[in-house]
Amino acid sequence: QVRLVESVGGLVQAGGPLSLSCAASGIIFSSNAMGWYRQAPGKQRELVARITSAGNTNYGDSVKGRFTISRDNAKNTVFMQMNSLKPEDTAVYYCNAAGPISYSGDYRSSWGQGTQVTVSS
């Protein structure tokens with residue numbers, strides 16, 4: 001029922017930009033914090049960016065100043081604009097939603113299937 005569908009990532013040269021989107025359904029989108037996490041081979045999943053239902057944002061230290069998270073509540077979609085990409089940004093990027101899935105207040109943390117972003121040197 002809950003679905004988080006990431007856009008296709010892709011291959012980009014170092015220094016270039018890339019934008020990701022995540023379309024959500026089955027949740028009360030405007031009441032959910034939305035986030036992007038990533039996992040590189042041999043690494044733990046880490047926070048990339050997060051935006052609360054109130055619009056407050058926070059970023060992982062390694063991406064602060066380069067990535068921007070935003071949301072469009074009318075489209076139930078969260079975006080992440082990535083600039084000045086580095087090879088170390090290469091990872092599978094996952095969309096996350098944390099919040100109610102119904103107006104009765106059932107709370108859940110949900111994940112998308114992930115999308116590959118590869119940054120070449």
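Structure shown above.
Student: Explain the overall build of the chain to me, using residue names and the numbers behind them.
Tutor: Each helix and strand counted, the chain has zero helices and 11 strands in total. Its helices and strands in sequence order give the chain the pattern β-β-β-β-β-β-β-β-β-β-β, from N to C terminus. In terms of C-alpha radius of gyration, the chain reaches 14 Å, essentially the compact-globule figure of 14 Å for 121 residues. On the principal axes, the C-alpha backbone points of the chain span a range of 50 × 25 × 25 Å.

Student: Can you tell me about the pattern of salt bridges, naming the residues and giving the values?
Tutor: Opposite charge on two side chains lets them pair, provided their charged atoms get close. This structure, assessed with the given rule, holds four salt bridges. The salt bridge partner of Glu46 is Arg38, with a shortest N-O separation of 2.8 Å. Of the residues examined, Arg38 reaches a relative accessible area of 5% and is grouped as buried. In this structure, a network of salt bridges that share partners links the residues Arg38, Glu46, Arg66 and Asp89.

Student: Can you explain the state of the cysteines? Please cite residues and give values.
Tutor: Scanning the model with the defined rule gives one disulfide in all. Between the sulfur of Cys22 and that of Cys95 lies a disulfide, 2.1 Å long from S to S. The sign of the S-S torsion, about -85°, decides the handedness of the disulfide formed by Cys22 and Cys95: left-handed. Highlighted residues: Cys22 in strand β3 (residues 18-25) and Cys95 in strand β9 (residues 91-100), separated in sequence by 73 residues. Assigned by exposure class, Cys22 and Cys95 land together as buried.

Student: Please set out the pairing of β9 residue by residue, giving values where relevant.
Tutor: Within a regular strand, side chains alternate between the sheet's two faces. Across the 10 residues that make up β9, a large majority, nine, are buried. Across seven bridges, the pairing between strand β4 (residues 33-39) and β9 is antiparallel. Within β9, the residue paired with Gln39 across the bridge is Val92. When β9 meets strand β11 (residues 115-120), the two strands line up antiparallel, connected through three bridges. Considered in β11, the bridge of Tyr93 is made with Thr115. Bridge count between β9 and strand β10 (residues 107-111): five bridges; the pairing is antiparallel. What sits directly across from Gly99, in β10, is Arg108. Where β9 folds back on β10, the antiparallel hairpin that results is connected by six residues, among which Gly105 adopts a positive phi of roughly 95°.

Cut-offs used in this document
- Note that residues are indexed from 1 along each chain, following the sequence as it is written.
- It should be noted that, the model being predicted, local features are given only for residues of pLDDT at least 70 and side-chain atom pairs only at 80 or more, the latter also being counted only at that level, while totals for whole chains, interfaces and linings use all residues.
- The basis for every side-chain value is the complete set of heavy atoms in the structure, and neither hydrogens nor water enter the calculation.
- Elements are defined by DSSP. Helices are runs of H or I of four residues or more, strands are runs of E of two residues or more, and each kind is numbered from the N terminus.
- This radius of gyration counts C-alpha atoms alone. The globule rule is 2.2 Å times how many residues there are, raised to the power 0.38.
- Any carboxyl oxygen of Asp or Glu that lies within 4 Å of a side-chain nitrogen of Lys or Arg is treated as forming a salt bridge with it.
- The cut-offs for exposure are 20% and 50% of the maximum accessible area for each residue type, with area from a 1.4 Å probe on protein chains only; residues under the lower value are buried, those over the upper are exposed, and the others partly exposed.
- The disulfide criterion is simple: two cysteine sulfur atoms within 2.5 Å.
- Pairing between two strands requires that DSSP report at least two bridges joining them.

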